[in-house]
Amino acid sequence: MRHGKSLPLPFYPTTEQEQILRRTIGCVRLVFNRALAARTEAWYEKQERVDYVQTSAILTQWKRLVATKS
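As the structure is a computational prediction, the values presented were derived from the model and not from experiment.

Let us now look at the packing of helix 1 (residues 15–46) against helix 2 (residues 52–69). At a closest axis distance of 11 Å, the pairing of helix 1 and helix 2 adopts a crossing angle of 125 degrees. Considering their axes alone, helix 1 and helix 2 lie oblique with respect to each other. Crossing of helix 1 over helix 2 shows right-handed handedness. From helix 1, Val31, Arg34, Ala35, Ala38 and Arg39 reach across to helix 2, where they touch Thr55, Ile58, Leu59 and Trp62.

This is how it looks when you write it as structure tokens:
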């Protein structure tokens, strides 16, 4: 088995698939940037590290906040 090589495959999504991908990637970008901002703020303001478990808990809080607004 070869390692370290990839086989390029063409990817031609339909219009609907492209819209779904764009929306999904946009949501991922938003969540990543908010989590990064929370971690950066914690470090620069309180000199605290925010680990994966804490970041996951923050994400859960964000989900609940959005769910209550809907």
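Still to come is the rest of the account.
All right, on to the packing of aromatic side chains then. Following the criterion strictly, the structure yields zero aromatic pairs and no others. Over the aromatic face of Trp62 sits the side chain of Arg34, whose NZ or CZ is 4.2 Å from the ring centroid.

Let us look at the environment of Lys69. Position of Lys69 relative to the elements: it lies in helix 2. Residue class for Lys69 comes out exposed when judged on its relative accessible area of 66%. In the structure, Lys69 is positioned 45 residues away from Thr24 in sequence and 20 Å away in space, judged by C-alpha atoms.

So, on to helix 2. Across its 18 residues, helix 2 extends 26 Å between first and last C-alpha, which sits within 8% of the 26 Å expected from 1.5 Å per residue. Measuring from the side-chain oxygen of the N-cap residue of helix 2 to the backbone nitrogen of Val53 gives 3.3 Å; that N-cap residue is Asp51.

Turning next to unusual backbone geometry. One non-glycine residue, Gln47, lies in positive phi territory at about 55 degrees. Note that Gln47 resides in the loop between helix 1 and helix 2.

The grouping of Phe11, Leu21 and Ile25 at the surface amounts to a nonpolar patch, some 310 Å² of accessible area in total. Following the sequence through the fold, Leu21 ends up in helix 1.

What follows is about the side chain of Thr55. Its place among the elements puts Thr55 in helix 2. Overall, Thr55 belongs to the buried group, its relative accessible area being 16%. Apart from the residues lying within four places of it in its own chain, the contact partners of Thr55 are Ala35, Arg39 and Val50.

Taken as a whole and assessed by the stated rule, the structure comprises one salt bridge. The shortest N-O distance in the salt bridge between Glu18 and Arg22 comes to 2.9 Å. Residue Glu18 and its partner Arg22 are both found in helix 1; the two are separated by four residues, about one turn of the helix. Owing to a relative accessible area of 33%, Glu18 belongs among the partly exposed residues under this scheme. Owing to a relative accessible area of 59%, Arg22 belongs among the exposed residues under this scheme.

So, how was this worked out
The numbers attached to residues start from 1 for each chain and follow its sequence in the written order. Note on the predicted model: pLDDT of at least 70 is required for a residue's local features to be given, and 80 or more for side-chain atom pairs to be given and counted; whole-chain, interface and lining totals, by contrast, use all residues. Hydrogens and water molecules were not included; the side-chain quantities draw on all heavy atoms of the structure. As a rule, the C-alpha atoms of each element are fitted with a line to give its axis, helices using only the stretch in contact, and angles between N-to-C directions run from 0 to 180 degrees. A run of H or I in DSSP becomes a helix once it reaches four residues, and a run of E becomes a strand once it reaches two; helices and strands are each numbered from the N terminus. Should an angle fall under 35 degrees it is called roughly parallel, over 145 degrees roughly antiparallel, and 65 to 115 degrees roughly perpendicular, with every other angle called oblique. Handedness of a crossing is defined here by the sense of rotation of the near helix relative to the far one, left-handed for an anticlockwise turn of less than a right angle and right-handed for a clockwise turn. The contact definition used throughout considers only heavy atoms, calling two residues in contact when any of these lie within 4.5 Å. Two aromatic rings from Phe, Tyr or Trp, using only the six-membered ring of Trp, form a pair when their centres are within 6.5 Å; if the ring planes differ by under 30 degrees the pair is stacked, by over 60 it is edge-to-face, and anything between is tilted. Whether a charge sits over a ring comes down to the Lys NZ or Arg CZ being within 6 Å of the ring centre and within 35 degrees of the ring normal. Relative accessibility thresholds used throughout: buried, under 20% of the residue-type maximum; exposed, over 50%; partly exposed, between the two (1.4 Å probe, protein chains only). Helices are assigned an expected span. That span is 1.5 Å times one less than the residue count. We define a polar contact as two N or O atoms separated by no more than 3.5 Å, with the added condition that, inside protein, one atom must be a possible hydrogen donor and the other a possible acceptor, whereas residues neighbouring each other in sequence contribute only through side-chain atom pairs. Patch construction takes residues with relative accessible area above 30% that form no salt bridge. Like charges are linked within 9 Å, and nonpolar side chains (Val, Leu, Ile, Met, Phe, Trp, Tyr) are linked within 5 Å. All accessibility values rest on the Shrake-Rupley procedure with a 1.4 Å probe; residue burial counts only the protein chains present in the view. The rule for a salt bridge is simple: a side-chain nitrogen of Lys or Arg has to be within 4 Å of a carboxyl oxygen of Asp or Glu.

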